[in-house]
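Notes for the structure review
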Amino acid sequence: MADVPSFVPPPPAPPLGPPPEPVAKVGFIERLGPRADRRPEPRLGVTMAAAGAALAVVGAIALGGDRLAGSSGAKGSQYPGLAISLIVVVLGAALTAVHRNGPLAAAGVAASATALVPLAFFLTYSDTPSLSGSPISFGTILLLSSVGWTLGYLVGPGRGHAFFLGAALLGSWLWVLEVTEHVFSFPTQLIFGFFSTASFGDVGSSSSPFGTLGNGPSPETIGVYTLVFAGAYLVAAGMLDRRDHRGVATPFTFAGVITLIEGISLFADDLKQAGTGFAFLVAGLGLAYLGATAGRRLTNWVGGILVFGGTTAIVAEPFDTITSFAIAEMAAGAAVVVAAHIIATTLHEPAEVDPVLSRFYSAGSVQPSGPPPPPAGSVLG
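These remarks concern the structure in this document. Here the structure is a predicted model, which means the values were calculated and not measured. (Residues numbered from 1 in each chain as written. Predicted model: local features only at pLDDT ≥ 70, side-chain atom pairs only at ≥ 80, totals over all residues. Heavy atoms only, no water.)

**Looking at the overall build of the protein**
Within the protein, the secondary structure is distributed over twelve helices and zero strands. When the helices and strands of the protein are read in sequence order from the N terminus, they spell out α-α-α-α-α-α-α-α-α-α-α-α. Taking the intrachain contacts of the protein between residues at least 6 apart in sequence as the baseline, contacts between residues at least 24 apart amount to 60%. (Helix = DSSP H or I, 4+ residues; strand = E, 2+ residues; numbered from the N terminus. Contact = heavy atoms within 4.5 Å.)

So, in structure tokens, the structure goes:
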């Protein structure tokens, strides 16, 4: 009888397959698609299609407004305009769902985004008989439009299109101004109240719409709110640019530039000419720096224009003759050129022919660590 071994080794384990691929976590901004990181290049067909969509929306608004006004003494109706605006929004969304890029996609985005405002208008319109009431609820219109634009940017077929986000940012700013200072409803109620007043003798009475309107919007308060929005938008744009989410940063930059200029302008009466000029000068330097370091051409150019305009306002105030102003303006221009040369050479700003973003560092330091800056192409403009 053959000997039985005291230990029988187990059979060899089957070979293991390749390790599973790690699941990459997709962040919130990455879910928006490639448009979050890269701005689309300018295209002739896209621009023409967007303009054509805007023409169609204007026609729809005119047709709906004509039905709202009525004819031959007959009372108008808001429902034709509501139906037409809704059809334009639905058709625009359908175009964007079928064509994700190209002229038809641009037309769909432009149509659905711009038609949201008349849709909200016809939806909320109420021909109230009250003397002090206005048939237009600007706060509700702006709120509904801003919510719609935000949803259009985050979800749906138009997800990631910067037009939606830019409209939502500006709409949110205007909505805050309306609910706090009534920048749209005050003049509208004034007009409606004037034409609905029985006689000029009733203007001072408590039943008159002029007696219930109160004080008008405060430019200083509007300016404070506007500058707060400008600061928040521009800070967000800078942070997004540094994280290479340049597509998302573009509408923030656009809205920030508009609100910054408008906010400073609202303080012109308080700051006077020289103070307003200095504010625009500082704002221009900031925008020029932001545009250079983020590769945004238009922002950079707007900054230069504000530097020119602000400096000119400062120089022009103390002089009352053309000759004295001309000499001072030339001297100021030479000073700005010298200052620009000193800054660029001392802080080692790259030459404009180098395809990189501007960076500034002193002679005793080195370039910041990390990956090299991305090229400054039209995609960032």
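**Side note on the side chain of Arg 35**
Within the secondary structure, Arg 35 sits in the segment before helix H1 (44–69). Summary of buried charges: Arg 35 has no salt-bridge partner, and the nearest side chain of opposite charge, Glu 41, is 12 Å away. At 3.2 Å, the side chain of Arg 35 forms a polar contact with the side chain of Asn 101. Discounting residues that sit within four places of it in the chain, Arg 35 has contacts with Pro 40, Arg 100, Asn 101, Gly 160, His 161, Gly 247 and Val 248. (Buried < 20%, exposed > 50% of the residue type's maximum accessible area, 1.4 Å probe, protein only. Lys, Arg positive; Asp, Glu negative; His and termini not counted. Salt bridge = Lys/Arg side-chain N within 4 Å of Asp/Glu carboxyl O. Polar contact = N/O pair within 3.5 Å; in protein donor to acceptor, adjacent residues only side chain to side chain.)

**Here's the deal with the environment of Trp 149**
Topologically, Trp 149 is positioned in helix H5 (residues 138–154). Overall, the relative accessible area of 10% leaves Trp 149 in the buried class. Considering only alpha carbons, one finds Trp 149 and Ser 112, 37 residues apart in sequence, at a separation of 9.2 Å. When sequence neighbours within four positions are dropped, the list of residues in contact with Trp 149 reads Ala 113, Leu 116, Val 117, Phe 164, Ala 167, Ala 168 and Gly 171.

**A closer look at a nonpolar patch on the surface**
Taken together, Phe 28, Leu 143, Val 147, Leu 151, Leu 154 and Val 155 make up a surface patch of nonpolar side chains, about 530 Å² in accessible area. Its place among the elements puts Leu 154 in helix H5. (Patch = residues over 30% accessible without salt bridge, like charges linked within 9 Å, V, L, I, M, F, W, Y side chains within 5 Å. Areas by Shrake-Rupley, 256 points an atom, 1.4 Å probe, with all protein chains shown as cover.)

**What about the packing of helix H6 (residues 162–181) against helix H9 (residues 246–265)?**
Two elements in contact, H6 and H9, have axes whose closest approach is 9 Å; the angle formed by their N-to-C orientations is 30°. Here H9 runs roughly parallel to H6, going by the angle between their axes. As for the relative orientation of H6 and H9, their crossing is right-handed in sense. Contacts from Ala 162, Leu 165, Gly 166, Leu 169, Leu 170 and Trp 173 of H6 reach H9 at Gly 247, Val 248, Pro 251, Phe 252, Phe 254, Ala 255, Ile 258, Thr 259 and Glu 262. (Axes fitted to C-alpha atoms, helices over the stretch in contact; angles between N-to-C directions. Parallel < 35°, antiparallel > 145°, perpendicular 65-115°, else oblique. Left-handed = near helix turned anticlockwise from the far one by under 90°.)

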